[in-house]
Protein chains: 4
Amino acid sequence: MKQVRIGLVGTGYIGRCHAIAYAQAPTVFPLDAELVLEYLAEVTPELAEKKAKEFGFKRFTGDWRDIVQDPNVDVVDICTPNFLHKDIALAAIANGKHVYSEKPLALTAADAKLMYEAAKKAGVKTLVGFNYIKNPTTQLAREIIAKGEIGEVIHFYGTHNEDYLANENTPLDWHCVKEKAGLGTLGDLAAHIVQMSQYLLGQEIRAVIGDMQTVTQTRPNPNNLQERLTVENEDQASALVRFANGCMGTIETSRIACGRKMGLSYVITGTKGTISYTQERMAELKLYLHDEDPARQGFKTILTGPLHPDYKHFCVSAGHGIGFNDQKTVEIRDLVNALVSSENTLYPDFEEGYKVSRVLDAIALSCEQKRWIDVEEVA
Amino acid sequence: MKQVRIGLVGTGYIGRCHAIAYAQAPTVFPLDAELVLEYLAEVTPELAEKKAKEFGFKRFTGDWRDIVQDPNVDVVDICTPNFLHKDIALAAIANGKHVYSEKPLALTAADAKLMYEAAKKAGVKTLVGFNYIKNPTTQLAREIIAKGEIGEVIHFYGTHNEDYLANENTPLDWHCVKEKAGLGTLGDLAAHIVQMSQYLLGQEIRAVIGDMQTVTQTRPNPNNLQERLTVENEDQASALVRFANGCMGTIETSRIACGRKMGLSYVITGTKGTISYTQERMAELKLYLHDEDPARQGFKTILTGPLHPDYKHFCVSAGHGIGFNDQKTVEIRDLVNALVSSENTLYPDFEEGYKVSRVLDAIALSCEQKRWIDVEEVA
Amino acid sequence: MKQVRIGLVGTGYIGRCHAIAYAQAPTVFPLDAELVLEYLAEVTPELAEKKAKEFGFKRFTGDWRDIVQDPNVDVVDICTPNFLHKDIALAAIANGKHVYSEKPLALTAADAKLMYEAAKKAGVKTLVGFNYIKNPTTQLAREIIAKGEIGEVIHFYGTHNEDYLANENTPLDWHCVKEKAGLGTLGDLAAHIVQMSQYLLGQEIRAVIGDMQTVTQTRPNPNNLQERLTVENEDQASALVRFANGCMGTIETSRIACGRKMGLSYVITGTKGTISYTQERMAELKLYLHDEDPARQGFKTILTGPLHPDYKHFCVSAGHGIGFNDQKTVEIRDLVNALVSSENTLYPDFEEGYKVSRVLDAIALSCEQKRWIDVEEVA
Amino acid sequence: MKQVRIGLVGTGYIGRCHAIAYAQAPTVFPLDAELVLEYLAEVTPELAEKKAKEFGFKRFTGDWRDIVQDPNVDVVDICTPNFLHKDIALAAIANGKHVYSEKPLALTAADAKLMYEAAKKAGVKTLVGFNYIKNPTTQLAREIIAKGEIGEVIHFYGTHNEDYLANENTPLDWHCVKEKAGLGTLGDLAAHIVQMSQYLLGQEIRAVIGDMQTVTQTRPNPNNLQERLTVENEDQASALVRFANGCMGTIETSRIACGRKMGLSYVITGTKGTISYTQERMAELKLYLHDEDPARQGFKTILTGPLHPDYKHFCVSAGHGIGFNDQKTVEIRDLVNALVSSENTLYPDFEEGYKVSRVLDAIALSCEQKRWIDVEEVA
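Residues numbered from 1 in each chain as written. Chains lettered and ligands numbered in written order. Predicted model: local features only at pLDDT ≥ 70, side-chain atom pairs only at ≥ 80, totals over all residues. Heavy atoms only, no water.

Identification of chain A as Gfo/Idh/MocA family oxidoreductase from Aggregatibacter actinomycetemcomitans is taken from an unreviewed UniProt entry.

Q: Would you mind going over the overall build of chain A with me for this structure?
A: A tally of helices and strands in chain A yields 10 helices and 17 strands. Its C-alpha atoms give chain A a radius of gyration of 21 Å, near enough to 21 Å, the size a compact globule of 379 residues would have. C-alpha extents for chain A along the principal axes are approximately 65 × 55 × 40 Å. Counting the 379 residues in chain A, one finds 67% classified as buried. Considering only intrachain contacts with a sequence separation of at least 6, the fraction spanning at least 24 residues in chain A is 69%. On chain A, roughly 12600 Å² of surface is accessible, and the fraction owed to carbon and sulfur atoms is 48%. In chain A, the 40 positive side-chain charges and the 50 negative ones have mean positions that sit 2 Å from each other. (Helix = DSSP H or I, 4+ residues; strand = E, 2+ residues; numbered from the N terminus. Rg over C-alpha atoms; globule rule 2.2 N^0.38 Å. Buried < 20%, exposed > 50% of the residue type's maximum accessible area, 1.4 Å probe, protein only. Contact = heavy atoms within 4.5 Å. Areas by Shrake-Rupley, 256 points an atom, 1.4 Å probe, with all protein chains shown as cover. Lys, Arg positive; Asp, Glu negative; His and termini not counted. Charge placed at Lys NZ, Arg CZ, Asp CG, Glu CD.)

Q: Please clarify how the relation of the copies chain B and chain A should be interpreted in this entry.
A: With an RMSD of 0.0 Å, chain B superimposes on chain A once it is rotated by 180 degrees and translated 0.0 Å along the axis. Put plainly, the chains are arranged around a two-fold axis. Of the C-alpha atoms belonging to chain B, the one lying closest to the rotation axis is found on Arg371(B), 3.0 Å away. The overlap is high: 100% of the interface residues of chain B also sit at the interface in chain A, so the same surface is used on both sides. (Least-squares fit on C-alpha atoms with pLDDT ≥ 70 in both.)

Q: Please explain the interface of chain C and chain B as it appears in this structure.
A: When the parts come together, some accessible area is lost, and that loss is often what is quoted as the size of the interface. Opposite the 37 residues of chain C that make contact, chain B presents 37 residues. Across the chain C/chain B interface, buried area totals approximately 2900 Å², and carbon plus sulfur atoms make up 52% of it. Counting across the interface, chain C meets chain B through 2 salt bridges. Measuring nitrogen to oxygen at the nearest pair gives 2.4 Å for the salt bridge that ties Arg281(B) to Glu284(C). The tally of links between chain C and chain B comes to 16 residue pairs in polar contact (both at pLDDT 80 or more). Of all the secondary structure elements, the ones that give two or more residues to the side of chain C that touches chain B are helix H1 (13-28), helix H2 (45-55), strand S15 (284-289) and helix H9 (324-339) of chain C. A total of 9 residues in the side of chain C that touches chain B trace back to one element, the largest contributor, which is H1(C). Broken down by class, the residue content of the side of chain C that touches chain B amounts to 17 nonpolar, 10 polar and 10 charged. (Buried area = accessible area lost by both parts, 1.4 Å probe. Salt bridge = Lys/Arg side-chain N within 4 Å of Asp/Glu carboxyl O. Polar contact = N/O pair within 3.5 Å; in protein donor to acceptor, adjacent residues only side chain to side chain. Nonpolar A, V, L, I, M, F, W, Y, C, P; charged D, E, K, R; others polar.)

Q: Where do I start with the interface of chain B and chain A in this structure?
A: Facing 42 residues of chain B, the contacting portion of chain A comprises 43 residues. Note on chain B versus chain A: buried area summed over both sides is about 3200 Å², and carbon and sulfur give 57% of it. If you look at where chain B meets chain A, you find 2 salt bridges. Close ionic contact of Asp211(B) with Arg242(A) constitutes a salt bridge, the shortest N to O distance being 2.7 Å. Put simply, chain B and chain A have 20 residue pairs in polar contact (both at pLDDT 80 or more) between them. For the side of chain B that touches chain A, the elements supplying multiple residues, two or more each, are strand S7 (153-161), strand S8 (205-213), strand S11 (236-243), strand S12 (248-254), strand S13 (263-270) and strand S14 (273-278) of chain B. Considering each element in turn, the side of chain B that touches chain A owes the most residues, 7 residues, to S11(B). Tallied by class, the residues present in the side of chain B that touches chain A amount to 18 nonpolar, 16 polar and 8 charged.

Q: Please clarify how helix H5 (residues 109-122) of chain A should be interpreted in this entry.
A: Think of an α-helix as turning once every 3.6 residues; residues three or four places apart then point the same way. All names here are of chain A. An ideal rise of 1.5 Å per residue puts 20 Å on 14 residues; H5 measures up with 20 Å between its terminal C-alpha atoms. Where H5 is concerned, the buried positions are Ala109, Asp111, Ala112, Met115, Tyr116 and Ala119. Down the axis, H5 shows its buried residues gathered within 160 degrees of arc, on one side only. Residues of H5 that are buried in the fold lie against helix H4 (85-94), strand S6 (126-128) and helix H10 (350-369). Once H5 ends, the next one or two residues include Gly123, with phi positive near 75 degrees. (Expected span 1.5 Å × (residues − 1). Arc of directions from axis to C-beta.)

Q: When you look at the UniProt feature "domain: GFO/IDH/MocA-like oxidoreductase" (unreviewed entry) in chain A in this model, what are you seeing that I'm missing?
A: Per the UniProt record, "domain: GFO/IDH/MocA-like oxidoreductase" (unreviewed entry) is annotated on residues 139-275 of chain A. From the first C-alpha to the last, residues 139-275 of chain A spans 12 Å; its make-up is 21% helix and 40% strand. (UniProt positions renumbered as here; feature names shortened; annotations may be inferred.)

Q: Teacher, can you tell me more about the domain arrangement of chain A here?
A: Residue and element names in this part refer to chain A. The assigned domain composition of chain A is domain 1 (3-130) and domain 2 (136-281 + 283-318 + 355-368). Computed over C-alpha atoms, the centres of domain 1 and domain 2 are 26 Å apart. With 16 residues of domain 1 at the interface, the matching set in domain 2 holds 18 residues. Roughly 1400 Å² is buried in total at the junction of domain 1 and domain 2, and carbon and sulfur atoms are behind 66% of that figure. Here domain 1 is connected to domain 2 by 1 salt bridge. (Domains from an automatic or database assignment.)

Q: Help me understand the sheet that holds strand S6 (residues 126-128) of chain D in this model?
A: Either a parallel or an antiparallel arrangement is found when strands of a sheet pair, and the pairing is made through backbone hydrogen bonds. Residues and elements named next belong to chain D. The strand order across the open sheet built from 6 strands is S3-S2-S1-S4-S5-S6, with neighbouring strands paired in parallel fashion. Every interior strand has two partners, whereas the edge strands, strand S3 (59-61) and S6, have only one. Each neighbouring strand pair of the sheet contributes to a mean axis angle of 20 degrees, computed without reference to strand direction. Here 7 bridges tie strand S1 (residues 3-9) to strand S2 (residues 34-41), and the two strands are oriented parallel to one another. Bridge pairing in S2 places Leu8 opposite Leu40. (Pairing = 2+ DSSP bridges. Axes fitted to C-alpha atoms, helices over the stretch in contact; angles between N-to-C directions.)

Q: In this structure, what is going on with the relation of the copies chain C and chain B? I would like to understand it.
A: Here two copies of a chain appear, and what relates them is a rotation about an axis with a shift along it. With an RMSD of 0.0 Å, the fit of chain C onto chain B corresponds to turning through 180 degrees and sliding 0.0 Å along the axis. With an isologous cut-off of 70% or more, the 100% of interface residues of chain C that recur at the interface of chain B puts this contact in the isologous class.

Q: I'm lost on empty space enclosed by the protein in this one. Help?
A: A water-sized probe, rolled over the atoms, reveals where empty space remains. One pass over the structure, following the stated rule, counts 8 cavities of 30 Å³ or more. Considered as a void within the structure, the largest cavity measures approximately 190 Å³ in volume. Lining the largest cavity are 20 residues, with Met282(A), Ala283(A), Arg281(D), Met282(D) and Ala283(D) positioned closest to its centre. Here the residues of the lining of the largest cavity are counted per class, giving 6 nonpolar, 8 polar and 6 charged. For the second largest cavity, the calculated volume is near 160 Å³. For the lining of the second largest cavity, a count of residues per class yields 6 nonpolar, 7 polar and 6 charged. (1 Å grid on protein atoms, 1.4 Å probe; cavity = no way out; pocket = protein on both sides within 12 Å on 5 of 7 lines; lining within 4 Å. Points joined across faces, edges and corners; volume = space filled by probe spheres on them.)

Q: Hey, could you run me through the UniProt feature "domain: Gfo/Idh/MocA-like oxidoreductase N-terminal" (unreviewed entry) in chain A in this one?
A: Taking the numbering used here, the UniProt-annotated feature "domain: Gfo/Idh/MocA-like oxidoreductase N-terminal" (unreviewed entry) corresponds to residues 4-130 of chain A. Helix makes up 44% of residues 4-130 of chain A and strand 22%. Its end C-alpha atoms lie 21 Å apart.

Q: Quick question: what am I supposed to make of the packing of helix H6 (residues 136-146) of chain A against helix H8 (residues 185-201) of chain A here?
A: When two helices pack together, you describe them by how their axes are tilted relative to each other and by the distance separating the axes. All names here are of chain A. Orientation of H6 relative to H8, taken along the N-to-C sense of each, is 40 degrees, at an axis distance of 8 Å. Looking at the two axes, H6 sits oblique to H8. Contact residues: Thr138, Gln139, Ala141, Arg142 and Ile145 in H6; Met196, Tyr199, Leu200 and Leu201 in H8. (Parallel < 35°, antiparallel > 145°, perpendicular 65-115°, else oblique.)

Right, here's the structure in full:
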């Protein structure tokens, strides 16, 4: 049996999620290859050693450069802060490694394009960690749309709102600094809903007009709470969009939306029905079909179960629920199987990651220039 | 005790709602005047007679002109199709009558301005039937915002979506004809959410950029179903807006939104909390307060009750529910009491009706010109 | 056109609800007779005069005995506290009046039986004010069950929980005194859900075993808050029941159920589907059908609308909502039309009121004797 | 570092769940011992080999007897059909092994008592797989109750309803056969809600009166669908209960409740508040507090997050959700840490498993004898 040997860079929030998914994936799914937790990098050898032990990796290093050139690593998994994605990915690609990067792919669409083109040229396989589309519930939504069950889609409304910066006295961190994060909530959160919209509709966003605001313009310096530093990117943004087929859409995002803990949501209206979903109830899809008996019409709450994509690998009873890390486990399954396949079926890959960045940059540009922007104007 | 004598023009959908509200208002509320159902007009004397009997009006006529000049009528209540509002209102004003008109006030902001200015000059009192703001639940939302309980409002998301034209083979009616209806779903539905946003925030909308579509471009001729006629106005529209104080907002509207039967809804985000509401659950307000114990935070579902505005007049027990016509009954109470008051406390009056029309026209213009429009550019 | 002349006794909570319903009924519905608000009684002539004016009644009196023998009264409407129902009803019946009584019909099943038998012997028509079954949504539930859409009903779960006495320091009132109220929450609240279960299933309850508790055993004397008086009846009760056809059921009731403002609810399970409802969302019925595509199954939320029983008289658009008093308005329509009909179609009449009292007494007896009680053992 | 070496017997539905939990537990939690997947048994060596590979176990066998006496096994994990629990557990205990058994502990309370007493005498540690109480959301409910936030608990309503046998033509399987399953839905499903009620209230159930039915009395023979075999145990059951402190409760269970996929739910009423939960929304707890401002009262929806028990190990962001297998992962953490601890903190252990069986048997007996049963009358 073939092997897929992982080189993980970064073990924070999302790195830990990857580790849990790596741990359970071989038991949950019949994988096409043996998954080997080969090498792990952190900022110091000490932290790397601790995490390698915790996550079950064989070797560790305090320098990610060791990993990108290690002959026993097949794929470099990038879980670092955003600003490092580019350098690590380009180095990995230069060494012929496949690359699995967290989102957003890069700080700008221009950088994302470089990365996508480098990977394409090198012939390596890529994957971007937009894991929410791997949720069986959202896969079901995709299936319902693709089969035409709600007719032709005529409107998409999507949000990714959270409230992690709702308190104006939460100290400034890298998310608020341009050179570390790039965009604000657009890059951190809206990346998901933009990508998800394209996945669900099977259509790219072509034109956008947005509006944005930095509501909390200064935050305490984490190293000196008496001092306040400038927040360099947006707290909230909204955009009207048009998909390639002319379908209208609206995207909203905020990192200061009081009460939203995981407010990734969509309402998709078709000519024959409507789908509605929120990630806070990740095992429920609401479906309305207009052609039913008019006296019995209504939104139906479907609880995800074994008849829906990928669910049965976690549990064979409906409505028992899958969790946050399970989505990443589906992603890992996709990664492993694709890396040992003769075909490249990985999605969403760096090309998609670049296209998402382009939409986000276009929204930011449209806010600045106060006009509709054709996405192709960017990068 | 003083009297308020009503002259009702039009007895269709909303005219019937007025009639029910007139019938119950004196029992529900202690009114400051005796409500007299004086005179009723319909398109034929026969229909007018039938409806006068049904609604309990003393006299009837087949010509609305009789009503606007009748000495025993104090207020002309206009429940006709939209295109007639202007002529009837101007005639009533010319005769010194107070005017109570259904929304939208007119087919265009320019017409609405004429009406507002005429009323102002004549010194008559006016009211526009935006009855949904009279719901105790939405009054409660207003109170929570006004008291600062959710801090400063930083985002408004509102919709008025329905599906009455979702079926592409529903025959064309006057709503789809420009000279009868003016705008499409913007005028028919969005008028409510635009007005409601201004009521709730206590702020006017100042700038807009919108997008719209006529998804179903032809519909069967009701008189010859084989033939299809052109739909002349929009089926769906979305707009980004800015309120006077800089607050961002998004407004969406559709008359083809499968599954939405009364999709008038809002999500209002403040710096300290969030409010969420949908008219389909008109007795529930969801409220999140960010300053609560972080381990016990969550959206609370408040069931409207006697401690909230106006509810106790319908029932003294909480959670027992008020209905569609009850909102209009509150409106009638406001009308009657204001007409016999020395002060003019009527809201929303023709000035507000005009301002709403101006926003709607600005959205339509922004769609056409694909640019941000300052509302003051219009009319 | 015939007339139905009302003699109203009692103008408190529910009397006011009747008054509002009388006011709007002729406008809402095409009634088969003219509704005349003839005579009103309260405990003093002064209060009666005030209320007659407020409610639009022609005459008033400080003694209900005047009404039961008045030649111009066709039906006596009893809205007094429970303990007076019997005397007034018997006197009215003795005078050949039709009787419309609020629930519970009497303090005991024995009394209710007297009343039912007297009415039957006198040949007068009767109605008991179980108004919640007149809600279009619950009428829809009845229709779905009767048509067999959820197969054979195999389980009924129903509650009527409120929290009006949840605070242990709410002073004692007549609800807590046996000779004024009879049973506690069973009589006050469970009467509704017991009757509703029989209406919905079309089956009588035949056997019961219950359990009950007076959780707050003393309450402040309203006239001397330092003193605490004994609460004489139950705060909460639960019962297992069997319907005539063998169907299992569970009934729960509480007047101290924190958070329940109008917790009248039911979940009805059939062999092919399930219905679920709560009065706090009185315009929504949840329906699950087991024979649908297994990958698209789920509870559907039906918003009541004009295609459902009686709704269209209030509004012709679905999902716009009807309110608490509207249910009573449907009841008034039933009353008026039945009184001028040659047939007696009134439901629920005194026979049903008696049968409900018998079930409630049987539950109380089963709690006391700690054994299953056949309902026919009672009264 | 110490080791905990697992001997797993059974790899079906719940055995697979254990395997996934074993796989992820060391990454999710800092465990106090090294978890070793030592030995696995299935009904044939071939199946055992396949599953050992799939689940990552070192050794395998076709005979569970090999495991209970293996010197390298510390704990025997029993995931077989119910009727085998007893023999395997007793054999394991006889060999001095700790035992981790799935629920229900045995087919009868008498058997469960034997097992509990054997374990106690042998001094081995035990755990029963009531994993739903390990959900952070239900742990939070326990915490809220224990801290007195809802006052004194006065009523418990709990269900475990599913619909896996709702279709009358689903063939008979072991769940319907007395000698394989013991009780029907009481043993299979109600075991969870009975145990959960005792966990949440910190009180044992002392007295019960129940009612039950086998609605579908015959089912197709799986080996000959033309023939129908007798269903030997109950499809649905309900019981009134009293906890040790006098608190009233109602328990309902069904395996034919159309639409319930994971209908494990509870509503817990206290003197100062109410908690409500359903496993179908396993990341949400509804909480009502009666002492809040009366005009702002309502049920609050708390999304489980890192401030609640155990959640942070899965994800540090609130509202991101944990899944079915994550509950078992918490249980595994409890098992591993307790086995290497000097104290025995395992809960729920065989004593609790026995007490739950006793309640279930008491309910069945009360149905048969149609009377209240004191739980101590049983076994």
